Amino acid sequence: MGAEMIKIAVLGYGVVGSGVVEVIERNHAEISRKAGDEVSVKYILDLRDFPGDPHEDKIVHDFDRIMEDDEVSVLCEVMGGVGPAYQYTKRALSAGKSVCTSNKELVAMHGAELLALASANHCNYMFEASVGGGIPIIRAVNSALTAERIQAVTGILNGTTNYILTKMAKEGVDYCEALKQAQALGYAERNPAADVEGADACRKLAILASLMTGRNVSTDRIYVEGITKVSREDLEYARIAEMAVKPLVLGSVREDGSVLAMVAPFMVPLDHPLARVDDVFNGVLVTGNMLGDAMFYGRGAGKLPTASAVAADVVDCAKHPGKTVWCFWNQEEAQVADVADTQRRFFVRARAAQREAVEKAFPGGQVFFREDREDFGLLTRTMVEREFEAGYKGLGDAVLSRLRVL
Ligand code: HSE
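Residues numbered from 1 in each chain as written. Predicted model: local features only at pLDDT ≥ 70, side-chain atom pairs only at ≥ 80, totals over all residues. Heavy atoms only, no water.

*Asks:* What exactly am I supposed to notice about the overall build of the protein chain here?
*Replies:* Counting its regular elements, the protein chain contains 14 helices and 17 strands. Overall, the protein chain is about 80 × 50 × 35 Å in size when its C-alpha atoms are taken along their principal axes. Counting only residues that meet the buried cut, the protein chain has 56% of its 406 residues in that class. Of the charged side chains in the protein chain, 45 are positive and 57 negative, and the gap between their average positions amounts to 3 Å. (Helix = DSSP H or I, 4+ residues; strand = E, 2+ residues; numbered from the N terminus. Buried < 20%, exposed > 50% of the residue type's maximum accessible area, 1.4 Å probe, protein only. Lys, Arg positive; Asp, Glu negative; His and termini not counted. Charge placed at Lys NZ, Arg CZ, Asp CG, Glu CD.)

Put into structure tokens, the structure is as follows:
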């Protein structure tokens, strides 16, 4: 070990922040050896006091204390949200202090700008923990797969919604109870609407799609549907059709260079690898033009897996003092394709009494019918989404729900 210690500050002492402190403490020897110097937490910034906490003496309330301390070279921004996190990150990077974050909202919104700022100041903005929790997907896309032209990412990037749908499908737990469990386990966002309405997965897809293309894919240009409309009946029909319902993100680069990016619950055939990604686990299938498919799987949320990814970024920053690790994401906006022009199959659940009209609207589909039910399921042939939606809307209240099929 050299004489220089690597002193870090943790911004936010919540689930992930306390995890970062714990990981750096418990894996102190490994982390310090790999960083090349001893890594230690010097400050923890939080609005609250933590009387009796073993790290009470490190708590500060004033960000300037951290900025004024030249010994602190790396900040872990795990506060979440955009407001102060954005200002603190800009100030730190402008002063040449590297920032490692799990804050997907901030990365999705200002990632390209913050990377440029880091580069101009010879430091780093790293965000491995912002996508896929503990899965090293950012490093894989940026570095291990750097020789690839990445054509598509298809994945489950929200642990909370995957947990909810798994519990509902496999254990018959109701939606509210499953969400409560996910919150108690520290998986859900402070406002779980961001999970269940799809905003969290959308931010993660924006980050991955931007890294895939090198151009900025803004969240507001991504098609988003949450899981709140998925019912027990939909899950039951999925089982009958030998599929699972999964909260997916899809990002792909089309032949004209435009990007297709969407977040929605999908029915996934049981023989597809993503159908087996259950509970809080995330899975991402990356398709490269040379590699073909590679699947990344692991814990997508939770204190220690997420904190481990932040700590890995700290080590990376420590290994590159005064140098920016290249990350290909510029501020130019990518061209985004219209989801309505894509083709796929759909699963429709409709009233059994109107079966004839529904089958007429979607000819050539496969019907799942049970005598004891007042509804039935229909798996359409492959069709353009715009045409499907027109047919679906035309059926009015004959149809009860619909899901896309992967
Ligand atoms: N709420 C997020 C999830 C946390 O459930 O995936 C990890 O980003």
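*Asks:* Can you walk me through the domain arrangement of the protein chain in this structure?
*Replies:* The accessible area lost on association of the parts is a frequent measure of interface size. Segmentation of the protein chain into domains returns domain 1 (6-133 + 303-319), domain 2 (141-299) and domain 3 (339-405). Here the C-alpha centre of domain 3 lies 49 Å away from the C-alpha centre of domain 1. (Domains from an automatic or database assignment.)

*Asks:* What am I meant to see in the environment of T342 here?
*Replies:* Topologically, T342 is positioned in the loop between α12 (303-319) and β13 (343-351). Classification of T342 as buried rests on a relative accessible area of 6%. The spatial distance from the C-alpha of T342 to the C-alpha of K319 is 44 Å, given a sequence separation of 23 residues. Other than its neighbours up to four places away in sequence, T342 contacts R254, L260, M383, V384 and E385. In this structure the side chain of T342 is engaged in a polar contact, spanning 2.6 Å, whose partner is the backbone oxygen of V339. (Contact = heavy atoms within 4.5 Å. Polar contact = N/O pair within 3.5 Å; in protein donor to acceptor, adjacent residues only side chain to side chain.)

*Asks:* What am I meant to see in the nonpolar core here?
*Replies:* Proteins that are soluble and globular tend to have nonpolar side chains buried together. Formed by 58 residues in total, the largest nonpolar core has its most connected members in I66, L75, Y125, F127, I137, I207 and L208. Composition of this core by domain shows at least three residues from each of domain 1 (6-133 + 303-319) and domain 2 (141-299). With sequence-adjacent residues up to four places away left out, L75 is seen in contact with A9, L11, F63, I66, A92, K97, S98, V99 and C100. Counting residues in hydrophobic clusters, the runner-up holds 34 residues, among them L165, Y237, M267 and L378. (Core = buried A, V, L, I, M, F, W, Y, C linked by side-chain atoms within 4.5 Å.)

*Asks:* Which parts of the structure should I look at to understand the site of the ligand?
*Replies:* Residues in close proximity to the ligand total 13 residues, the closest being K104, T160, Y187, E189 and D195. In the model, an oxygen atom of the ligand is placed 2.6 Å from a nitrogen or oxygen of the K104 side chain. Within the backbone of Y187, an N or O atom sits 2.7 Å from a nitrogen atom of the ligand. When the ligand is considered free in solution it has 260 Å² of accessible area, and contact with the protein chains removes 94% of it. Counting only elements with at least two residues in the shell around the ligand, the list comes to α7 (159-171) and α10 (199-213). Among the residues forming the shell around the ligand, the class breakdown is 4 nonpolar, 4 polar and 5 charged. (Near = heavy atom within 4 Å. Areas by Shrake-Rupley, 256 points an atom, 1.4 Å probe, with all protein chains shown as cover. Nonpolar A, V, L, I, M, F, W, Y, C, P; charged D, E, K, R; others polar.)

*Asks:* Is there a simple way to think about the pairing of strand β12 (residues 292-299) in this case?
*Replies:* Bridge count between strand β11 (residues 281-288) and β12: 8 bridges; the pairing is antiparallel. By the bridge assignment for β12, T287 is matched with D293. Hairpin connection of β11 to β12: 3 residues between the antiparallel strands. (Pairing = 2+ DSSP bridges.)

*Asks:* What is the right way to read the sheet that holds strand β1 (residues 6-11) from this model?
*Replies:* Reading across from one edge, β3-β2-β1-β4-β5-β6 is the order of the 6 strands in this open sheet, with parallel pairing throughout. Strand pairing shows two members of the sheet lacking a second neighbour, β3 (59-60) and β6 (125-126), which therefore form its edges. Its contacts with the sheet put α12 on β1, β2 (39-45), β4 (72-77), β5 (98-101) and β6, and the angle it makes with β5 is roughly 160°. (Axes fitted to C-alpha atoms, helices over the stretch in contact; angles between N-to-C directions.)

*Asks:* Looking at this model, I keep getting lost on the pattern of salt bridges. Mind explaining?
*Replies:* Pairing is possible between side chains of opposite charge, provided their charged atoms come close. As enumerated under the stated definition, the model contains 32 salt bridges in all. With a shortest N-O distance of 2.7 Å, K42 and D69 are connected by a salt bridge. In this pair, K42 sits in strand β2 while D69 sits in the loop between α3 (63-67) and β4, placing the two residues 27 residues apart along the sequence. Look at D69 and you get buried, because its relative accessible area is 13%. Linking R139 and D313 is a salt bridge whose minimum nitrogen-to-oxygen distance equals 2.5 Å. Of this pair, R139 sits in helix α6 (residues 137-144) while D313 sits in helix α12, placing them 174 residues apart in sequence. R139 sits in the partly exposed class, given a relative accessible area of 27%. (Salt bridge = Lys/Arg side-chain N within 4 Å of Asp/Glu carboxyl O.)

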